[in-house]
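For reference, the chains in residue letters:
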Amino acid sequence: MKDIAELLVDLSYSSVLFDDPALAEEVLELESEMDVLQLRARMSLVMAGRSPEEAEELAPIFGIVGAAETISDAAGDIAKVVLDDVGLPASLRAGLPDPVETLARAELAGYSAYAGRTLGDINLETETGVRVLAVRRGDEWLLDPGRETALRPGDVSFCRGPDDGIQGVFETMTGEPYERPAVPESDIEDLDRAVETVVLMRNVSELAVDLAYGSVLFDDPELAREVSELEVEVDALKERFEAWALRGAAEVAEPVTIRGLLHIAASTEVISDAALEISEGVLRGLGSHPVVQAAVEESDEILVSVPVAAGSDLDGTSIGEQALRATTGTLVIAVRREREPAEGTDRANGDEDAGTARAEGDTEWVLTPSPETRLRAGDTLIAKGTRAGAERLRALAGGEGAGAGTGSR
């Protein structure tokens, strides 16, 4: 359920970005599969609780199951914006692309050089930086394709990676040119601000989901409190969005064309609410159930906690200088560090592009750190990516990751 929910979020926003009804239909198909999984999970939980004590231990799992279903429904609502053609400002598609990675849907042609070969044989991720997140083969979904997975003609692959890598992989798979749609900018300032706010809501909500699963994996109340703070931030952003959208509507010739934007903002807030639900058990001191930790650890994209050792390759360098995303295949989503009394945050150190920094006691969190964020001994990196990538990150950091190093996204 976790893997599908996260894939659904990627696919739903991508269907909006590319105005792709076929991609939106894939979202709804996966959403139906999620409904079945939720029913199975709840049946298993009901059968497992044989005493009040066991029921209390299982309560957080109900929350996580419900949260995954909520995220799935929200992704489905985003996809319906494309299918129902309810209207979207053009500037939204200009703001949605991830600055680091692109997601694409590619159907494998029979004459493709990849046809009949395994992902390991193609060495796709190492050669291109592109990772196949999932493969749909008829009605069957392969949600965690590995090196042994063979690609067959007609397979629909969902790939994520740098834009230039995606272009080459897409063209090799399909035999068709890869084109990112040209999007005109809006000349309505208030509407542009509303769009910018929705994009920020999306980024903060996805970060909240990542940190929520991290709080469960590492049984970390401090990380769970960060999720709570991010959920409050999304609520505030939604209020700001509503103000800009209403002002912008007065200047739009056909206000109905921004209905889709309203739907996407509402669904994005729901995703942040679900993130809080995931971390609720840890936040309330109930801890993490072993079943949840085991499930999260076996997810297809892992999340790890890696300390930076003194004298390591990362000590004293920036994320950009090390090109961590390219060299390790992992994305650092947060940095926890000892607070410096004189400066207090990364911004005080001249890190103008760093994400939000939050301090509590003698430690602080730098969320969504930028390439300019400098790392130092004693920092703890929260990063997501493949298992092989996590090992490369640990080698650079010169230390062993917490939680046995197999934490998940």
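Residues numbered from 1 in each chain as written. Predicted model: local features only at pLDDT ≥ 70, side-chain atom pairs only at ≥ 80, totals over all residues. Heavy atoms only, no water.

**Topic: the pattern of salt bridges**
What the rule picks out here adds up to 16 salt bridges. A single salt-bridge network, built from bridges that share partners, covers Glu26, Arg105 and Arg136. (Salt bridge = Lys/Arg side-chain N within 4 Å of Asp/Glu carboxyl O.)

**So, the pairing of strand β4 (residues 156–161)**
The two faces of the sheet receive side chains in turn, since in a regular strand these alternate between them. Most of β4 sits inside the fold, with 6 of its 6 residues counted as buried. Where burial is concerned, the two faces of β4 agree: the one with Val156, Phe158 and Arg160 and the one with Ser157, Cys159 and Gly161 are both buried. In the sheet, strand β1 (residues 102–107) pairs with β4 via 6 bridges, with the strands oriented antiparallel. Bridged to Thr102 within β4 is Gly161. (Buried < 20%, exposed > 50% of the residue type's maximum accessible area, 1.4 Å probe, protein only. Helix = DSSP H or I, 4+ residues; strand = E, 2+ residues; numbered from the N terminus. Pairing = 2+ DSSP bridges.)

**Observations regarding the pairing of strand β5 (residues 302–307)**
Of all 6 residues that make up β5, 5 are buried, and the element is covered over most of its length. Pairing between β5 and strand β9 (residues 380–385): 6 bridges, direction antiparallel. Each bridged residue has a counterpart across the sheet, and for Val304 the counterpart in β9 is Ala383.

**Topic: the packing of aromatic side chains**
Enumeration according to the criterion identifies 1 aromatic pair in this entry. It is Lys2 that lies over the ring of Tyr213; its NZ or CZ is 4.9 Å from the centre. (Phe/Tyr/Trp six-rings, centres within 6.5 Å; stacked < 30°, edge-to-face > 60°. Lys NZ or Arg CZ within 6 Å of the ring centre and 35° of its normal.)

**Notes on the side chain of Ser15**
Along the chain, Ser15 turns up in helix α1 (residues 2–17). Given a relative accessible area of 0%, Ser15 falls into the buried group. Sequence-distant contacts of Ser15, that is, excluding residues within four places in its chain, are made with Asp20, Leu23, Ala24, Ala79 and Val82. (Contact = heavy atoms within 4.5 Å.)

**Brief notes about the sheet that holds β4**
Taken in spatial order, the 4 strands line up as β1-β4-β2-β3 in an open sheet, and their pairing is antiparallel. Of all the strands in the sheet, just β1 and β3 (140–142) have a single pairing partner and so form its edges. Ignoring strand direction, the axes of neighbouring strands in this sheet form an average angle of 15°. Where helix α7 (residues 163–174) meets the sheet, it contacts β1 and β4, and its direction lies at approximately 5° from that of β1. (Axes fitted to C-alpha atoms, helices over the stretch in contact; angles between N-to-C directions.)

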